[in-house]
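# Remarks on the overall topology
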Amino acid sequence: MKDSGRSNEIIALQSAESGMQLGRALLHALHNAGISVLYQDREMKTVWARNMRPPWASDTADNNGLLPPAQAERICAAKRNVVASGNPEHLELSIPADDGVRWFQIWVDADRDDGGAVQGVVTTMVETTEQKRREQTLKTLLREVSHRSKNLLAIIQSIATQTSRYSDTLTDFLTRFRGRLQSLASSQDLVTSSNWRGAALRELVSGQVGRYGADPVRSLRFQGANPYLNPNAALHIGLAMHELAVNSVSYGALSRADGFVEVTADLTAASAGETALSLTWAEAIGANDNHPNEKRFGSVALERVVPASLNGKATIEITGDRLEYRLVVPRGNFETD
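Anyway, here's the lowdown on the structure attached to this text. Being a predicted model, the structure only gives us computed values, none of them experimental. Sequence order as written defines the numbering, with residues in each chain counted from 1. Where local features are concerned, this predicted model is filtered to residues with pLDDT of at least 70; where side-chain atom pairs are given and counted, the filter is 80 or more; whole-chain, interface and lining totals use all residues. In computing side-chain values, all of the structure's heavy atoms are included and hydrogens and water are not.

With that settled, consider the overall build of the protein. Helix and strand assignments follow DSSP, with helices taken as H or I runs no shorter than four residues and strands as E runs no shorter than two, numbered in order from the N terminus. Secondary structure assignment for the protein yields eight helices and 13 strands. Put simply, the protein has 337 residues, and 37% of those count as buried. Contact criterion: two residues are considered in contact whenever any of their non-hydrogen atoms come within 4.5 Å of each other. Long-range pairs, those at least 24 residues apart, make up 56% of the contacts in the protein between residues at least 6 apart in sequence. Counting every atom, the protein has about 19000 Å² of accessible surface; 52% of that belongs to carbon and sulfur. For each residue, the accessible area found with a 1.4 Å probe, counting protein chains only, is set against the maximum for its type, and the residue is called buried under 20%, exposed over 50%, and partly exposed in between. To be clear on the numbers: accessible area is Shrake-Rupley with a 1.4 Å probe, and residue cover counts the displayed protein chains and nothing else.

Here we come to the sheet that holds strand β5 (residues 118–127). Here we have five strands laid out as an open sheet, ordered β2-β1-β5-β4-β3, and antiparallel in their pairing. The outermost strands of the open sheet, each flanked by one partner alone, are β2 (46–50) and β3 (89–97). If you compare each strand with its neighbour and ignore which way they point, the axes differ by 20° on average. In terms of strand pairing, strand β4 (residues 100–112) meets β5 through nine bridges, oriented antiparallel. For W107, the partnering residue across the bridge sits in β5 and is T124. Set on the sheet, helix α2 (residues 69–85) makes contact with β1 (35–41), β3, β4 and β5; between it and β3 the angle comes to about 165°. Think of it this way: DSSP has to see at least two bridges between two strands before they count as a pair. To get an axis, fit a line to the C-alpha atoms, keeping to the stretch in contact for a helix; angles then go from 0 to 180 degrees between the N-to-C directions.

Helix span is expected to be 1.5 Å times the residue number reduced by one. End to end, helix α4 (residues 170–193) covers 34 Å across 24 residues, agreeing with the expected 34 Å (1.5 Å per residue, within 8%). For α4, every residue scored as buried is listed here: F173, F177, G179, R180, S183, L184, S187, Q188, L190 and V191. Once α4 finishes, N195 follows within two positions and takes phi at roughly 60°, a positive value.

A word on the packing of helix α3 (residues 129–165) against α4. Where α3 contacts α4, the axes come no closer than 10 Å and their chain directions differ by 155°. Comparing the axis directions of α3 and α4 gives the class roughly antiparallel. Two packed elements cross with a definite hand, and for α3 against α4 that hand is right-handed. Across the interface between the two elements, L152, I155, I156, I159, A160, T163 and S164 from α3 touch F173, R176, F177, R180, L181, L184 and Q188 from α4. Its residues assigned to classes, the contact of α3 with α4 comprises nine nonpolar, three polar and two charged. In this scheme, roughly parallel covers angles under 35 degrees and roughly antiparallel covers those over 145, while 65 to 115 is roughly perpendicular and the rest are oblique. In this scheme the crossing of two helices becomes right-handed for a clockwise turn of the near helix relative to the far one and left-handed for an anticlockwise turn of less than a right angle. Here the nonpolar group is Ala, Val, Leu, Ile, Met, Phe, Trp, Tyr, Cys and Pro; Asp, Glu, Lys and Arg are the charged ones; every other residue, Gly included, is treated as polar.

With that settled, the discussion passes to the sheet that holds strand β13 (residues 334–335). Reading across from one edge, β6-β8-β13 is the order of the three strands in this open sheet, with antiparallel pairing throughout. Two strands lie at the open edges of the sheet, namely β6 (199–200) and β13, each paired on one side alone. Two strands pair when backbone bridges link them, and strand β8 (residues 228–229) and β13 are joined in this way by two bridges, in the antiparallel orientation. In the sheet register, Y228 faces β13, and the bridge partner there is E335.

The structure is reproduced here in structure tokens:
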């Protein structure tokens, strides 16, 4: 009998020790997860509270000193409903804070005795501010992607319409249209890799010239400023560089083994003290280079589509043995820092 009593005592001690260990583990879990728990009786008197943080740190029934009155009343009303019905309640609260708004998920559950009667309520509070901010950031990014996708589709539709207008055959249309789509894709890759910030001018020009088998180190002489173009400017200036490169490979300097083009970027003073980007493409075309005189999509894009899309101005001049294209765009299309 003594041995049996001693065994029961040991078991009881082990059980108590196990319960204490479990309690300590749960407290650590609440703290690490940022969960606050409040237990109150039917009269809303606090019995115990664990891991209470602002705005719950007062350990009072309604937290009137820390919560806006309307929010405190919502919580109190939910607790009264749980006491009356025994059914759980769930709330989402937004609370003004110094750095914006804090968000919380709140669960109110009934605590029942062995007979099933409600003897108190357990309120669990979890802050979800960071999750809300990530959701809002994601929504903003998705709206931005949708906006830019629509703009890109509008550009593609315009290119398709204009290319068909200046194409004699389906084969001619498909060849030219594919090249322009690939040009847009190349510029878009630069924009996407910069998290939609845009593209550096030198990298954009080099990429467009290099797409046609020309070695940019040999065939491209870039000098001057290297501003960072915004996404819209990157796409349209990329298109202009594509048209100039195709024209040069077909009829101009890049059609010769020793040929090269010069691209100069200058930041110049414009109206109202603003800074403008003056971009010049120049090449020696030679006496035997046969540049077509009729209007084609390339010249329409260079003289009308690209400058109009950037609120700028453009000119093409072919004099003697030299072709020069000059594009001037205002500061809103680029950054210099």
